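A structural walkthrough
This is what each chain is made of:
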Amino acid sequence: MSNQAGSAMDVSCCPSLTEQRVPAEAAAVLAPAFKALGDPVRLQLMSMIASAESGEICVCDLTPAFDLTGPTISHHLRTLREAGLVDAERRGTWVYYRARPALLGQLAALLTVAPEVNA
């Protein structure tokens, strides 16, 4: 796993974008995760991984969902790993992926719009 992925867990983050400015350190750590999710295939992969009933999913279940080659899917999964969005564990010939809920929570908190107060 990359150092960048490890750094994401060290950032105590963040009030909503609508509440205050994002600190430079948090922005530097979270931006790669947003960039990784900016690709439609990676966004779908992330959704499949995060919504897996058992909390993890085998690459053997991810690959058939796309009209892409195995190496292309592997590239996208590596990008998600390097961004700190997923963890991977090899078991025999297969790799199983799990979402990293802390980082997903930070991304969600950052994008949450604070409720408006009517005066």
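The text that follows walks through the structure, step by step, so that each part is easy to find.

What counts, and at which threshold
Residues numbered from 1 in each chain as written. Predicted model: local features only at pLDDT ≥ 70, side-chain atom pairs only at ≥ 80, totals over all residues. Heavy atoms only, no water. Helix = DSSP H or I, 4+ residues; strand = E, 2+ residues; numbered from the N terminus. Buried < 20%, exposed > 50% of the residue type's maximum accessible area, 1.4 Å probe, protein only. Contact = heavy atoms within 4.5 Å. Areas by Shrake-Rupley, 256 points an atom, 1.4 Å probe, with all protein chains shown as cover. Core = buried A, V, L, I, M, F, W, Y, C linked by side-chain atoms within 4.5 Å. Axes fitted to C-alpha atoms, helices over the stretch in contact; angles between N-to-C directions. Parallel < 35°, antiparallel > 145°, perpendicular 65-115°, else oblique. Nonpolar A, V, L, I, M, F, W, Y, C, P; charged D, E, K, R; others polar. Phe/Tyr/Trp six-rings, centres within 6.5 Å; stacked < 30°, edge-to-face > 60°. Lys NZ or Arg CZ within 6 Å of the ring centre and 35° of its normal. Pairing = 2+ DSSP bridges.

In terms of helices and strands, the chain carries 6 helices and 3 strands. Taken from N to C terminus, the helices and strands of the chain fall in the order α-α-α-β-α-α-β-β-α. Every one of the 119 residues in the chain was classed for burial, and the buried ones make up 34%. If you take every contact in the chain between residues at least 6 apart in sequence, the share linking residues at least 24 apart comes to 61%. For the chain, the exposed area adds up to about 7100 Å²; of that, 54% sits on carbon and sulfur atoms.

With that out of the way, let us pick up the nonpolar core. Within the largest apolar cluster, 27 residues are counted, with the highest numbers of intra-cluster contacts made by L77, L80, L85 and Y97. Those elements that provide at least two residues to this core are α2 (24-37), α3 (40-50), β1 (57-58), α4 (59-62), α5 (70-82), β3 (94-99) and α6 (101-111). Those residues within four positions of Y97 in sequence are excluded, and the remaining contacts are I49, G55, E56, I57, V59, L62, L77, R81, V86, D87 and A88.

Our next topic: the packing of α2 against α6. α6 packs onto α2 with a crossing angle of 90° between their chain directions and a minimal axis gap of 11 Å. Taken together, the axes of α2 and α6 are roughly perpendicular relative to one another. Contact residues: α2 offers L30, A33, F34 and L37, while α6 offers L103, Q106, L107, L110 and L111. When the residues that make up the contact of α2 with α6 are grouped by side-chain class, the tally is 8 nonpolar, 1 polar and no charged.

Within the structure shown, the criterion is met by 0 aromatic pairs. The side chain of R91 reaches across the aromatic face of Y96, ending 4.3 Å from its centre.

With that settled, the discussion passes to the sheet that holds strand β2 (residues 86-91). A sheet is described by the order of its strands in space; here 3 strands give the open sequence β1-β3-β2, paired in antiparallel fashion. One side of each edge strand has no neighbouring strand; the edge strands of this open sheet are β1 and β2. In the sheet, β2 pairs with β3 via 6 bridges, with the strands oriented antiparallel. Its bridge partner lying in β3, E89 is registered against Y96. Docked against the sheet, α3 engages β1, β2 and β3, running at close to 85° with respect to β3.

Before going further, it helps to examine the packing of α2 against α3. Close contact between α2 and α3 brings their axes to 7 Å; oriented N to C, the two are set at 100°. In terms of their interaxial angle, α2 and α3 are classed as roughly perpendicular. On α3, the residues touching K35, A36 and L37 of α2 are R42, L43 and M46. Of the residues that constitute the contact of α2 with α3, the class distribution is 4 nonpolar, no polar and 2 charged.

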